[in-house]
Amino acid sequence: MELRRAFSHVLDVLASARDEAQARPALSMDEALQQRLANPEPLPEQPGALPSVLKEAERLIFSGYCNVSHPRYFGYISPRPLMAPLVGDLLASGLNQVPGAWRAGAGATVIEAETLVWLADFVGFPRHPGRLPHGIFVGGGTLANASALKLARDTLLGRQVQQQGLTGLGQRPTFYMSREGHFSVWRGLDLLGLGRESLRLVDVDATGRIDMRALRETLARDVAQGMRPTCVVGVAGSSATGAVDPLAELAAVAREHRMWFHVDGASGAVLARHPRCEHLFTGLDQADSLTIDPCKWLFLPFGIGALLVKDGRELFQSFSASGHYWEDRGEVDLFQMSPYGTRQWRSLGLWMTLKHLGRQGYLELLGRTLEAARHLARRVSRHEELELLHEPSLPICSFRLRAPTREVREALNAAVQRALITEGHSYISLLDWRGDTWLRVAINNYTTAPHHLDELIDAVLLHRRDYAP
Ligand SMILES: Cc1ncc(COP(=O)(O)O)c(C=O)c1O
């Protein structure tokens, strides 16, 4: 009974946080939380009633609350989650099924494999037929990228690396990505013992896409110095501006140098078949591996990333393991295909959402976010006090208030951002682009409509008038 009441209360909390999102600030950070962080409460010795525990959790959460359901929350790529995946998450956790081994959840394994097929289909990523799923769900883009780099390492440097490590390698392996690529890639190289310096960060053009000439020059230099070019990472939606690299050209360079071609499409790849931007993603289907974070523009709650590969056997060869307690019956055991043993079953939420919305429903939501970003760009371009960084290709748009010098511009735009946060109107992040400060607006919320962007512009201009250096 107590549990039923708790669930029903949580549903009320969710409903009001989502339906009345504008009753709270776009971002709140109560100063008292710093105190609590420095002085944690002691471990409770005695039992507490669930309703009061729940009440305290709510109080803490809402005192430092990132209001992702607010239509003017424009930070990073943190979405307002859809409801269907929440239902899936609850079912998966409550039944405690894991798609890790056939006997730990054959139903879960089938659902996971099917979700991978649908995700590949949604973004246009082909696969070889085979018994093993052509990918895996992990906790996020970071681990998906690190797993892809391991595939590149194991497949191209020889399987003995898995046994002997890097010590016996004659040539130093090198990796290539644009400067706009995500830090998870060098972190992954660090984790794999390949070293951050093995990553060549290649210059980008004015819109943030990799400069192909610079890439070719870097490769030629490395080859001349006896390095072993191993993998090129294409960025399909940079975190800063949503830039998408010329993927077909990268695929050609990868082929020429016999490198692995990984695409980090953590944020952007889900737009690969949207009619408004599919032209940007030509060549995505030529990748050897692809990272997608459904907890970005597929609007799932955090903690789900996907790695897609053409052939599931590659994952199996790279990750298979056994223990004397494990009875291997030759079944499809997904723990053999990822860095995890046990993991949380997150694909049920995506499976349910894909069934619930269908491809068309998802494309419609994505279309709204694209339209909102373009609306903002149009508004900015029409206003003489504002300057657009560049036309948005994905649902991210950056702009700034004009000012005569860099120092004034930086102070002015930062002050306006602070004012918007303080009054709870909106949350936008600051972007450092080539040493200059911009206001970065990511449309993460499928309920954000053009009028919310009009309200943002009005508020920015209003605070501009208040600003006195
Ligand atoms: C392009 C890109 N790659 C990788 C990541 C890392 O993903 P996660 O934070 O889910 O580990 C991000 C996260 O924002 C990203 O934008």
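Residues numbered from 1 in each chain as written. Predicted model: local features only at pLDDT ≥ 70, side-chain atom pairs only at ≥ 80, totals over all residues. Heavy atoms only, no water.

As a matter of local geometry, the ligand sits amid 13 residues, with Gly141, Thr142, Ser239, Asp264 and Asp293 nearest to it. Within the backbone of Gly141, an N or O atom sits 2.9 Å from an oxygen atom of the ligand. When the free accessible area of the ligand is taken as 390 Å², the share hidden by the protein chains comes to 79%. When grouped by side-chain class, the residues that make up the shell around the ligand number 1 nonpolar, 9 polar and 3 charged. (Near = heavy atom within 4 Å. Polar contact = N/O pair within 3.5 Å; in protein donor to acceptor, adjacent residues only side chain to side chain. Areas by Shrake-Rupley, 256 points an atom, 1.4 Å probe, with all protein chains shown as cover. Nonpolar A, V, L, I, M, F, W, Y, C, P; charged D, E, K, R; others polar.)

Considering the arrangement of structural elements, one finds Gln317 in helix H11 (residues 312-319). Using a relative accessible area of 43% as the deciding quantity, one classes Gln317 as partly exposed. Each C-alpha atom of the pair Gln317 and Leu389 lies 45 Å from the other, and the pair is 72 residues apart in sequence. Beyond its immediate chain neighbours, meaning those up to four positions away, Gln317 contacts Arg159 and Gln162. (Helix = DSSP H or I, 4+ residues; strand = E, 2+ residues; numbered from the N terminus. Buried < 20%, exposed > 50% of the residue type's maximum accessible area, 1.4 Å probe, protein only. Contact = heavy atoms within 4.5 Å.)

So, on to helix H14 (residues 450-466). Spanning 17 residues, H14 covers 25 Å between terminal C-alpha atoms, matching the ideal 24 Å at 1.5 Å per step. Three or more residues of H14 are buried, namely His452, Leu453, Leu456, Ile457, Ala459, Val460, Leu461 and His463. Contact partners of the buried residues in H14: helix H12 (347-382), strand E8 (386-388), strand E9 (396-401), helix H13 (406-422) and strand E11 (436-442). (Expected span 1.5 Å × (residues − 1).)

So, on to the sheet that holds strand E6 (residues 289-292). The 7 strands are arranged E1-E7-E6-E5-E4-E2-E3 in an open sheet whose pairing can be described as mixed. Each edge of the open sheet is held by one strand with a lone partner, namely strand E1 (135-138) and strand E3 (199-202). Going across the sheet, the axis of each strand differs from the next one's by a mean of 20°, ignoring polarity. The sheet strands contacting helix H5 (residues 106-123) are E1, E6 and strand E7 (305-309), and the helix crosses E1 at an angle near 100°. (Pairing = 2+ DSSP bridges. Axes fitted to C-alpha atoms, helices over the stretch in contact; angles between N-to-C directions.)

A separate point is the packing of H12 against H14. Running from N to C, H12 and H14 cross one another at 35°; their axes reach a closest spacing of 9 Å. As H12 runs across H14, the sense of the crossing is right-handed. On H14, the residues touching Ala372, His375, Leu376, Arg379 and Val380 of H12 are Pro450, Leu453, Asp454, Ile457 and Asp458. Classifying every residue of the contact of H12 with H14 by side-chain character gives 6 nonpolar, 1 polar and 3 charged. (Left-handed = near helix turned anticlockwise from the far one by under 90°.)

So, about the side chain of Ser78. Secondary-structure assignment places Ser78 in the loop between helix H3 (50-63) and helix H4 (84-95). Since its relative accessible area comes to 11%, Ser78 is described here as buried. Aside from chain neighbours lying at most four places away, what touches Ser78 is Val68, Tyr73, Phe302 and Asn444.

Taken together, Leu3, Phe7, Leu50, Val53 and Leu90 make up a surface patch of nonpolar side chains, about 450 Å² in accessible area. Within the residue set of the nonpolar patch, elements represented by two or more residues are helix H1 (2-19) and H3. You can see Phe7 is positioned in helix H1. For Phe7, a relative accessible area of 42% puts it in the partly exposed group. (Patch = residues over 30% accessible without salt bridge, like charges linked within 9 Å, V, L, I, M, F, W, Y side chains within 5 Å. Salt bridge = Lys/Arg side-chain N within 4 Å of Asp/Glu carboxyl O.)

Bringing the domain arrangement of the protein into the picture now. Domain annotation of the protein identifies domain 1 (2-67), domain 2 (98-344) and domain 3 (355-466). Here domain 2 and domain 3 have C-alpha centroids that lie 31 Å from each other. With 29 residues of domain 2 in contact, the opposing surface of domain 3 contributes 24 residues. Its largest share of buried area at the contact with domain 3, domain 2 owes to Arg276, Trp297 and Phe299, together 30% of the area lost on that side. One can count 2 salt bridges joining domain 2 with domain 3. Viewed at the interface, domain 3 and domain 2 are joined by 10 residue pairs in polar contact (both at pLDDT 80 or more). Counted by class, the side of domain 2 that touches domain 3 contains 15 nonpolar, 9 polar and 5 charged residues. (Domains from an automatic or database assignment. Buried area = accessible area lost by both parts, 1.4 Å probe.)

This part takes up the packing of helix H6 (residues 141-156) against H11. Relative orientation of the contacting elements H6 and H11 amounts to 85°, with a least axis distance of 10 Å. Judged on the interaxial angle alone, H11 and H6 are roughly perpendicular. When H6 is examined against H11, the residues Ser147, Lys150, Leu151 and Asp154 are found in contact with a partner set consisting of Glu314, Leu315, Ser318 and Phe319. (Parallel < 35°, antiparallel > 145°, perpendicular 65-115°, else oblique.)

One pass over the full model with this rule turns up 7 aromatic pairs. Aromatic pair Tyr73 and Tyr427: ring centres 5.5 Å apart, planes at 15°, arrangement stacked. With Tyr73 in the loop between H3 and H4 and Tyr427 in the loop between H13 and strand E10 (429-433), the pair connects residues that are 354 residues apart, well separated along the chain. An identical accessibility class is assigned to Tyr73 and Tyr427; each is buried. Members of the aromatic cluster, joined through ring pairs, are Tyr73, Tyr76 and Tyr427. Taking NZ or CZ as reference, Arg24 lies 3.7 Å from the ring centre of Phe62, over its face. Between the NZ or CZ atom of Arg24 and the centre of the ring of Tyr65, over which it lies, the distance is 5.8 Å. (Phe/Tyr/Trp six-rings, centres within 6.5 Å; stacked < 30°, edge-to-face > 60°. Lys NZ or Arg CZ within 6 Å of the ring centre and 35° of its normal.)

It is worth spelling out the side chain of Asp154 at this point. Positionally, Asp154 belongs in helix H6. Among the residues examined, Asp154 registers a relative accessible area of 0% and is labelled buried. For Asp154, the side chain forms a polar contact with the side chain of Arg153, separated by 2.8 Å. In this structure the side chain of Asp154 is engaged in a polar contact, spanning 2.4 Å, whose partner is the side chain of Ser318.

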